[in-house]
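Report on the structure
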Amino acid sequence: MAAYARYYANQRRGDCALEHSSGPYGENIAWSSGDMSGVEAVNMWVNETTIMVPTHVPRENSMVSIESLLLLLLINYLTQIDVSFAQYSQYSQSHDSPDNYLRPHNVARALVRVKPLRWDFGLATVAQDYANQLAAGPCSLEHSSGPYGENLAMGSGDMSAAQAVAMWIDEKSYYDYYSNSCHGSACGHYTQVVWRGSARLGCGKGMCANGASIIVCNYDPAGNYIGTKPY
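What comes next is a walk through the structure.

About the criteria used
- Along each chain, residue indices are assigned from 1 in the same order as the chain's sequence is written.
- Confidence filtering applies because this is a predicted model: local features only for residues at pLDDT of at least 70, side-chain atom pairs given and counted only at 80 or more, and all residues used for totals across whole chains, interfaces and linings.
- Hydrogens and water molecules were not included; the side-chain quantities draw on all heavy atoms of the structure.
- Here, a salt bridge means any side-chain nitrogen of Lys or Arg that lies within 4 Å of a carboxyl oxygen of Asp or Glu.
- Going along the chain from the N terminus, every DSSP run of H or I of four or more residues is numbered as a helix, and every run of E of two or more is numbered as a strand.
- Three labels apply to residues, based on accessible area from a 1.4 Å probe with only protein chains included: buried if under 20% of the type maximum, exposed if over 50%, partly exposed otherwise in between.
- The pairing criterion for strands is at least two bridges between them, as found by DSSP.
- Contact between two residues is taken to exist if any of their heavy atoms lie within 4.5 Å; hydrogens are not considered.
- Helix axes are fitted to C-alpha atoms over the stretch in contact, other axes to C-alpha atoms as well, and angles between N-to-C directions run from 0 to 180 degrees.

**So, the pattern of salt bridges**
- Counted under the stated rule, the structure contains four salt bridges.
- Taking the shortest distance from any N to any O, the salt bridge between Lys205 and Asp158 comes out at 2.3 Å. Of this pair, Lys205 sits in strand β5 (residues 200–207) while Asp158 is found in the loop between β2 (149–155) and α6 (161–169), placing the two residues 47 residues apart along the sequence.
- For Arg200, the salt bridge goes to Asp220, with nearest N and O atoms at 3.0 Å. Note that Arg200 is positioned in strand β5 and Asp220 in strand β6 (residues 213–220), a separation of 20 residues in sequence.
- Its relative accessible area of 21% is what places Asp220 among the partly exposed residues.
- Among the ionic contacts, a cluster of salt bridges with common partners joins Asp96, Asp158 and Lys205.

**So, the sheet that holds strand β1 (residues 118–119)**
- Strand order in the open sheet made by the four strands is β1-β5-β6-β2, with mixed pairing throughout. With partners counted over all chains shown, the strands left at the sheet margins are β1 and β2, one partner each.
- Sheet topology note: the β5/β6 ladder contains eight bridges and is antiparallel. In the sheet register, Cys203 faces β6, and the bridge partner there is Cys217.
- The sheet contacts of helix α4 (residues 98–111) involve β1, β5 and β6, and relative to β5 the element is tilted by about 125°.
- Sheet strands touched by α6: β2 and β6. Its angle to β2, the strand with the most contacts, is close to 115°.

None of this, on its own, says anything about what the molecule does.
Take a look at the structure:
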């Protein structure tokens, strides 16, 4: 959610307007001419303070440093990872943590008004086992034919979660929503990322003997049903 909030706040940098994003989340917005803190913004909402705020910053004030002007603060009332701290803490906050898989997925989903995925440790175990199997064997991308939706990525070095998901999301440019088809190249990885019916995500990474890496992400329920649009 934070990634989507940051993305939308950056979108409003140009006009400094208080306009809701019409995204899939609950959303509160606050504006201040100075460096408003998160506590101050939330207190304003909780106290239902009545204030007049401009819908646009006058051009003569446009030279104020963007770093000192808090344009928007969005609070989204959905949890990405619904697990205990004991489970979550088994992952170091590295580039392979659950957050680093979830955040780019959920930003892509929010942009097409689809609800966010939640991390599932059972799916992550399945994905990790299969990534290890591929890495220990042919070190190639072969789908498992399992019961879940599945995206695969391979890098010549230690590919990060963000790099893998970005590779799949980049296929958006090949997807035509109106014909529900791919043009110019494959786009099935992207459509699985944003598939409306998928609710849970689990991913894993295996390292091949030659230094290459394989990333597997599983989705439940699976997507990419022929004849059905992803969103």
